[in-house]
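Each chain, written out:
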Amino acid sequence: MEWESDVPLAALARYRIGGCARRLARPDTIDEVKRVLAALEGGAHLVLGTGANVLISDDGVDEPVIILGRDFDRLTVSEGAIEAGGAARLPALANAARRQARKGFRFLEAVPGTIGGGLRMNAGSRDEWLWHRVEWVEAVDDGGEVVRIASNDAGFRYRHVDLPESWIFIGARFQAEPGDPMLIEDAHLDFRSRKVGDQVYELPSVGSTWKNPGDPHGSAWEIVDRVGMRGARLGDAQIAERHANFIVNHGDARAEDVVELMIETRRRAHEQLGVWLEPEIRFWGFAHDRLVALGAA
Ligand SMILES: Cc1cc2nc3c(=O)[nH]c(=O)nc-3n(C[C@H](O)[C@H](O)[C@H](O)COP(=O)(O)OP(=O)(O)OC[C@H]3O[C@@H](n4cnc5c(N)ncnc54)[C@H](O)[C@@H]3O)c2cc1C
């Protein structure tokens, strides 16, 4: 495995936005992951799944970027469980559960990304999350050791898990009890059609921009709407007309356009409604003052 230099990240990230990674590695095996971490000698790194939840700066990122390769893209269904590698796709997990009639995975329909990214973000719907299905997760820790964590020890909550940011999730075992095939098929199709109908799939985005602030403020999209930002456009970045919590890329959007739209939305939400919106998406390569303005510092 070779380190690659000056790799354009826009081509590797779902948003199609962002500059270069100065260094990038695609380890195919656990030994290669360990070698990559050893070469970094404890220095910071970033792990990229499909970038379905990351906004990458136009200037790129200084930290070395790691993308899990071949051995981590695997998925097996067994009695009562599904095991998947960190690079396997969330849609593959949803499909396997639906086709093999396993309960409890409908919330993953139409959620793009990898198992690793899904575990880091605790991907899911408002009240059903990936970590609810976890039996155990394997990660490579800072010291290059493989550790196994049970879901009870992970300290997960809405779109968050209390495990070190530097850990690399390499695989997981999910509880997947058999159920009624017809009921499961219907639940998946119903969930998918509602989600695809409500949200935006025809243009690149990173999904929900803001976390839902909860009572008494309601949903994030309602707040964006109420402060008059639905449809606002800067360059090729636009707050979607159909779903005001999505910011889409019409083709050549710059990260800075997305950031400006977000900062203005957040400013108005605080000024007009007294709520500080908190981003759901991750930011790579931005200066501290920008992160402060975005509520992501
Ligand atoms: C159209 C659309 C719909 C969406 N709908 C939903 C939804 O319903 N629910 C929801 O929760 N999200 C949703 N999202 C967001 C996104 O799908 C999820 O956050 C998904 O988990 C991102 O996975 P990824 O592999 O692309 O992660 P990335 O975006 O690549 O990374 C996200 C974070 O995870 C970290 N990470 C990635 N891989 C690993 C790894 N192997 N080990 C450790 N850390 C890792 C990254 O460093 C980063 O911090 C949606 C996005 C889109 C574009």
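Each remark here, short or long, concerns the structure printed above.
Notes on the structure in this doc start here.

Parameters at a glance
- Residues numbered from 1 in each chain as written.
- Predicted model: local features only at pLDDT ≥ 70, side-chain atom pairs only at ≥ 80, totals over all residues.
- Heavy atoms only, no water.
- Helix = DSSP H or I, 4+ residues; strand = E, 2+ residues; numbered from the N terminus.
- Rg over C-alpha atoms; globule rule 2.2 N^0.38 Å.
- Buried < 20%, exposed > 50% of the residue type's maximum accessible area, 1.4 Å probe, protein only.
- Contact = heavy atoms within 4.5 Å.
- Areas by Shrake-Rupley, 256 points an atom, 1.4 Å probe, with all protein chains shown as cover.
- Expected span 1.5 Å × (residues − 1).
- Arc of directions from axis to C-beta.
- Near = heavy atom within 4 Å.
- Polar contact = N/O pair within 3.5 Å; in protein donor to acceptor, adjacent residues only side chain to side chain.
- Salt bridge = Lys/Arg side-chain N within 4 Å of Asp/Glu carboxyl O.
- Pairing = 2+ DSSP bridges.
- Axes fitted to C-alpha atoms, helices over the stretch in contact; angles between N-to-C directions.

### What to know about the overall build of the chain
Here comes step 1: Counting its regular elements, the chain contains eight helices and 16 strands.
Here comes step 2: Computed over its C-alpha atoms, the radius of gyration of the chain comes to 19 Å, within 12% of the 19 Å expected for a compact globule of 297 residues.
Here comes step 3: With respect to the three principal axes, the spread of C-alpha positions in the chain is 50 × 50 × 35 Å.
Here comes step 4: The buried share among the 297 residues of the chain stands at 51%.
Here comes step 5: Looking at the chain alone, contacts between residues at least 24 apart form 64% of all its contacts between residues at least 6 apart.
Here comes step 6: Taken as a whole, the chain presents about 13,500 Å² of accessible surface, with 47% of it coming from carbon and sulfur.

### Describing helix H5 (residues 181-198)
Here comes step 1: With 18 residues, H5 should cover 26 Å at 1.5 Å per step; its first-to-last C-alpha distance of 26 Å lies within 8% of that length.
Here comes step 2: Among all positions in H5, only Ile184, His188, Phe191 and Lys195 are buried. Down the axis of H5, the buried set is contained in an arc of 70°. They therefore lie on one face. H5 presents Met182 and Leu183 as exposed residues on the side facing more than 90 degrees away from its buried surface.

### Considering the environment of Gly117
Here comes step 1: Mapped onto the elements of the fold, Gly117 is located in helix H3 (residues 115-121).
Here comes step 2: Of the residues examined, Gly117 reaches a relative accessible area of 30% and is grouped as partly exposed.
Here comes step 3: Separated by 97 residues in sequence, Gly117 and Cys20 place their C-alpha atoms 20 Å apart.

### Quick look at the site of the ligand
Here comes step 1: Inspection of the region around the ligand gives 35 residues, with Val47, Thr50, Pro112, Thr114 and Lys195 positioned closest.
Here comes step 2: Within the contact set of the ligand, an oxygen atom lies 2.8 Å away from a backbone nitrogen or oxygen of Gly51.
Here comes step 3: Interatomic distance of 2.7 Å between a backbone N/O atom of Gly124 and a nitrogen atom of the ligand.
Here comes step 4: Considering the ligand on its own, with 970 Å² of exposed area, one finds that the protein chains cover 96% of that surface.
Here comes step 5: Elements supplying a minimum of two residues to the shell around the ligand: H3, strand S12 (168-175) and strand S16 (282-284).
Here comes step 6: A per-element tally of the shell around the ligand places H3 first, with five residues.

### A short note on the pattern of salt bridges
Here comes step 1: If you walk through the whole model with that rule in mind, you get 26 salt bridges.
Here comes step 2: Between Glu109 and Arg192 there is a salt bridge, and its shortest N-O distance comes to 2.7 Å. Taken together, the residues span a long stretch of sequence, with Glu109 in the loop between helix H2 (90-99) and H3 and Arg192 in helix H5 at a distance of 83 residues.
Here comes step 3: Counted as one network, the salt bridges with shared partners bring together Arg98, Glu109, Glu185 and Arg192.

### What about the sheet that holds S12?
Within a sheet, each strand pairs with its neighbour through backbone hydrogen bonds, oriented either parallel or antiparallel.
Here comes step 1: Here we have five strands laid out as an open sheet, ordered S6-S7-S12-S8-S9, and antiparallel in their pairing. At either end of the open sheet lies a strand with only one pairing partner, and these are strand S6 (75-78) and strand S9 (146-150). Strand after strand, the sheet turns through a mean of 15° between neighbouring axes, direction not considered.
Here comes step 2: Note that strand S7 (residues 81-85) and S12 share five bridges and pair antiparallel. Within S12, the residue paired with Glu83 across the bridge is Arg173.

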